[in-house]
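Secondary and tertiary structure notes
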Amino acid sequence: MDTVKIASLFDVSGKVALVTGGSRGIGLMIARAYAANGVRVYITSRKRDACEAAERELGAIGECIAIPADLSNAEGRAALVATLSAREDRLDILVNNAGTTWGAPFTEYPEDGFDKVLDTNLKAPFFLTRELLPLLEAGGERGSARIINIGSIDGINVPRLAPNYAYGPSKAAVHHLTRVLAVLLGRRNIRVNAIAPGPFDSKMTEWTLTEYRDQIISRCPVGRIGRPDDMAGIALYLASPGADYLNGVVIPLDGGISIENGNMSTGE
């Protein structure tokens, strides 16, 4: 048996990645980790200014290309796939991170809000993955390609602090979609796994963490919220050769909140 070297087991340099929702929050944390470790990173988000600002920021540490696109509709996905396909002949890593939420009381929750959350959080990753399959299969010819779906601990447990009637169910569906795709695509040399983040500082969690940060920290077994390096570590691992035998797994990244009795989960 060959001696295992950390440098090769966790090396991601030379890979090509697409991170949706990569201009801020968790997506930016992941994109930064990849760019800093030799990955050519494409990022996308709806807002052109934010996308291009992130491109400039990450360009200082590695290779980053912004492709602004609205992935909640077929036209936006088609434009992204066409642009990426014109630039690359393969895709090694797809991070389905783009997401949204909608807060309203149960008796007032609007149907269009529910539809928006499901369209962005569930439908978009499914159809984007399908449309990028030729590039992912080409990536799999060089060593297994990776799909990393971003779920949430709100898809594992019912959030108590800020109930959201579409967000949690959409993320639970992302977790199961991960397992379904892992079975389908594993034999095509594509590994599919998911990260279920707990509380990290982001635009999506800004209100919850402003209102309940101390309570959340007090109920977290490790006594803090997530840091960018926590997200970087798991994203790099899942993209590396060291995770080649991992397929169809949902990994809570929450300091143990999701297993603490009476947890106060908060989403991405």
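This write-up is about the structure you can find in this document. (Residues numbered from 1 in each chain as written. Predicted model: local features only at pLDDT ≥ 70, side-chain atom pairs only at ≥ 80, totals over all residues. Heavy atoms only, no water.)

So, helix H2 (residues 25-36)
- Between its first and last C-alpha, H2 extends 17 Å over 12 residues, near the 16 Å set by a 1.5 Å rise per residue.
- Every buried residue of H2 is accounted for by Gly25, Ile26, Gly27, Leu28, Met29, Ile30, Ala31, Ala33, Tyr34 and Ala35. (Helix = DSSP H or I, 4+ residues; strand = E, 2+ residues; numbered from the N terminus. Expected span 1.5 Å × (residues − 1). Buried < 20%, exposed > 50% of the residue type's maximum accessible area, 1.4 Å probe, protein only.)

Examining the sheet that holds strand S4 (residues 93-96)
- Across the sheet, 7 strands lie side by side as S3-S2-S1-S4-S5-S6-S7; this open sheet has parallel pairing. Of all strands in the sheet, those with a lone pairing partner are strand S3 (63-66) and strand S7 (250-253), marking the two edges. Between one strand axis and the next, the sheet turns through 20° on average, direction left out of account.
- Bridge count for strand S1 (residues 16-20) against strand S2 (residues 40-44) is 5 bridges, and the pairing is parallel. Residue valine 19 lies in a different strand from S2, and its bridge partner there is isoleucine 43.
- Strands S1, S2, S3, S4, strand S5 (145-150) and strand S6 (190-197) of the sheet are contacted by H2, whose axis makes an angle of about 165° with S1.
- With respect to the sheet, helix H5 (residues 111-131) is in contact with S1, S4 and S5, its orientation differing from that of S4 by roughly 165°. (Pairing = 2+ DSSP bridges. Axes fitted to C-alpha atoms, helices over the stretch in contact; angles between N-to-C directions. Contact = heavy atoms within 4.5 Å.)

Let's talk about the packing of H2 against helix H3 (residues 48-59)
- Packing of H2 against H3 brings their axes to within 10 Å, and their N-to-C directions diverge by 35°. Taken as a pair, H2 and H3 cross one another with a handedness that is right-handed. Residues Leu28, Ala31, Arg32 and Ala35 of H2 lie in contact with H3, whose contacting residues are Ala54, Glu57 and Leu58.
- Partitioning the contact of H2 with H3 into residue classes produces 5 nonpolar, no polar and 2 charged. (Left-handed = near helix turned anticlockwise from the far one by under 90°. Nonpolar A, V, L, I, M, F, W, Y, C, P; charged D, E, K, R; others polar.)

Digging into empty space enclosed by the protein
- Applying the stated rule across the entire model yields 2 cavities of 30 Å³ or more.
- By volume, the largest cavity amounts to about 40 Å³.
- Lining the largest cavity are Thr20, Leu71, Asn96, Asn97, Ala98, Thr120, Ala124, Pro125 and Leu128.
- By residue class, the composition of the lining of the largest cavity is 5 nonpolar, 4 polar and no charged.
- If you add up the space inside the second largest cavity, you get close to 40 Å³.
- In terms of lining residues, the second largest cavity is bounded by Asn96, Asn97, Ala98, Asn121, Pro125, Asn149, Ile150, Lys171 and Val174.
- At the level of secondary structure, the elements contributing two or more residues to the lining of the second largest cavity comprise H5, S5 and helix H7 (167-186).
- Within the lining of the second largest cavity, the residues separate by chemical class into 4 nonpolar, 4 polar and 1 charged. (1 Å grid on protein atoms, 1.4 Å probe; cavity = no way out; pocket = protein on both sides within 12 Å on 5 of 7 lines; lining within 4 Å. Points joined across faces, edges and corners; volume = space filled by probe spheres on them.)

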